[in-house]
Amino acid sequence: MPVVLITGTNRGLGLEFTRQYCAAGWQVIATCRDPEASPELAALQREHAGLELHALNVADFATIDQLAATLAGRPIDVLLNNAGVFGPQPIADRDPRQMFGSMDYDIWAEVLRVNLMAPMKMAEAFVTHVAASEQKKIVAISSGEGSIERTKGAIYAYRTSKAALNMLMRNLGRDLAGRGIVTAAFCPGWIRTRMGGVHAPLEAPPSIQGVRGIIDRLTPETTGQFWLWSGETLPW
């Protein structure tokens, strides 16, 4: 039975990844800051014996090391870095703190820690687990907002964090190739979640199904690429 470890599973995309991997018969290690506060995760755990829940705050790197030690010796086929934050919403909440002239640098540092540094720390902490598995994949949920070629300006904290995440995944693809590990970054599209908002055109299930299909097909030849959920590759 393949094993996936997913961060940020209490809602949104992470919860949908958890649902779909459970339904597909995978062993799922689902993490979030407070699993006991998520009735959806509790209900899934009652239905799926292969689902285990662990508390993990990806911004607290000591807890990442602690979880890696707890799971020592267990192969992980797919390490799925899903947890992320957007930062202040300049349109929905009229909060300008990630706009030019009004930047909140403490918030910028927090967004970079969660969206960029945490996936790097996860990779370092769990690389032995992944290398010991059959599939050997490390993937991250990025965003089309991290495409430098397609940027529209503004939203500096979020966009720079996702552009840097794309670079991270490409570098990891090169550095870990010798251990047989494959990497990828994914744009799931604009999805109707708490982060995406009510006006987003996509529902989570088809997007996550698309991402899962690409993950299944990843090979050493495709390592480090930046994918749209529908199967296209995106410009850097």
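Going by the structure above, here's the rest.
Fair warning: this is a prediction, and the values are worked out from it, not measured in the lab.

Trainee: Quick rundown of helix 6 (residues 204–217)? Include the residues and the values.
Mentor: Given a rise of 1.5 Å per residue, 14 residues ought to cover 20 Å, and the 20 Å separating the end C-alpha atoms of helix 6 matches this to within 8%. Buried residues of helix 6: Ala204, Ser207, Ile208, Gly210, Val211, Arg212, Gly213, Ile214 and Ile215, and no others.

Trainee: Which residues make up the sheet that holds strand 2 (residues 27–32), and what values go with them?
Mentor: Strand order in the open sheet made by the 7 strands is 3-2-1-4-5-6-7, with parallel pairing throughout. Each having just a single partner strand, strand 3 (51–55) and strand 7 (225–228) make up the two edges of the open sheet. For this sheet, the mean inter-axis angle between neighbouring strands, taken without regard to orientation, is 20°. In terms of strand pairing, strand 5 (residues 137–141) meets strand 6 (residues 182–187) through 5 bridges, oriented parallel. Looking at the pairing, Lys137 lines up with Val182 of strand 6. Lying on the sheet, helix 4 (residues 105–131) is in contact with strand 1 (3–6), strand 4 (78–81) and strand 5; it crosses strand 4 at an angle near 170°. Helix 6 contacts strand 4, strand 5, strand 6 and strand 7 of the sheet and is inclined by roughly 155° relative to strand 5.

Trainee: Which residues make up the pattern of salt bridges, and what values go with them?
Mentor: Going through the model one piece at a time under the given rule, you end up with 6 salt bridges. For the salt bridge of Asp65 with Lys121, the shortest nitrogen-to-oxygen distance reads 3.0 Å. You can see Asp65 sitting in helix 3 (residues 61–70) and its partner Lys121 sitting in helix 4, a full 56 residues away along the chain. Among the residues examined, Asp65 registers a relative accessible area of 37% and is labelled partly exposed. The class of Lys121 is buried, set by a relative accessible area of 18%.

Trainee: Describe in detail the environment of Trp26, supporting the description with residues and values.
Mentor: Mapped onto the secondary structure, Trp26 falls in the loop between helix 1 (12–23) and strand 2. On the basis of relative accessible area, Trp26 is assigned to the buried category, the value being 9%. Taking the C-alpha atoms as reference points, Trp26 and Met1, separated by 25 residues in sequence, lie 5.9 Å from one another. In this view, Trp26 contacts Met1, Pro2, Val3, Val4, Tyr21, Gly50, Asp77, Val78, Gln135 and Asp216; residues no more than four positions away in its chain are not counted.

Trainee: Let's hear about the packing of helix 1 against helix 2 (residues 39–47): which residues, and what values?
Mentor: Two numbers describe how helix 1 lies on helix 2: the axes approach to 11 Å, and their chain directions differ by 5°. As the angle between them shows, helix 1 and helix 2 are arranged roughly parallel. Side by side, helix 1 and helix 2 meet where Leu15, Thr18 and Arg19 of the first sit next to Glu40, Leu41 and Leu44 of the second. The class makeup of the residues in the contact of helix 1 with helix 2 is 3 nonpolar, 1 polar and 2 charged.

Trainee: Can you lay out the state of the cysteines for me, pointing to particular residues and giving the numbers?
Mentor: Going through the model one piece at a time under the given rule, you end up with 0 disulfides. Unpaired in terms of disulfides, Cys22 finds its nearest cysteine sulfur in Cys32, a separation of 13 Å. On the accessibility criterion, Cys22 (6% relative accessible area) is buried. Cys32 sits in the buried class, given a relative accessible area of 3%.

Trainee: Just give me the short version of unusual backbone geometry, but keep the residues and values in it.
Mentor: In the Ramachandran plot, Ala154 falls in the positive-phi region, its phi being about 70° despite a non-glycine side chain. For Ala154, the position within the fold is in the loop between strand 5 and helix 5 (156–175). The exposure class assigned to Ala154 is partly exposed, which follows from its relative accessible area of 25%. Phi at Ile155 is positive, roughly 45°, even though this residue is not glycine.

Trainee: So what about the packing of aromatic side chains? Which residues, and what values?
Mentor: Counting across every chain of the model gives 5 aromatic pairs. Each ring, one from Tyr105 and one from Trp108, has its centre 5.8 Å from the other, and the planes form 35°; the classification is tilted. You can see Tyr105 and its partner Trp108 sitting in helix 4, 3 residues apart, about one turn around the helix. By relative accessible area, which is 21% here, Trp108 ends up partly exposed. Here Arg113 stacks its cationic end above the ring of Phe61, 3.9 Å away from the centre of that ring. Lying across the ring of Tyr21, Arg212 places its NZ or CZ 4.9 Å from the centre.

What counts and how
- Residues numbered from 1 in each chain as written.
- Predicted model: local features only at pLDDT ≥ 70, side-chain atom pairs only at ≥ 80, totals over all residues.
- Heavy atoms only, no water.
- Helix = DSSP H or I, 4+ residues; strand = E, 2+ residues; numbered from the N terminus.
- Expected span 1.5 Å × (residues − 1).
- Buried < 20%, exposed > 50% of the residue type's maximum accessible area, 1.4 Å probe, protein only.
- Pairing = 2+ DSSP bridges.
- Axes fitted to C-alpha atoms, helices over the stretch in contact; angles between N-to-C directions.
- Contact = heavy atoms within 4.5 Å.
- Salt bridge = Lys/Arg side-chain N within 4 Å of Asp/Glu carboxyl O.
- Parallel < 35°, antiparallel > 145°, perpendicular 65-115°, else oblique.
- Nonpolar A, V, L, I, M, F, W, Y, C, P; charged D, E, K, R; others polar.
- Disulfide = S-S within 2.5 Å.
- Phe/Tyr/Trp six-rings, centres within 6.5 Å; stacked < 30°, edge-to-face > 60°.
- Lys NZ or Arg CZ within 6 Å of the ring centre and 35° of its normal.

These results come straight from atomic positions and should not be treated as a statement about function.
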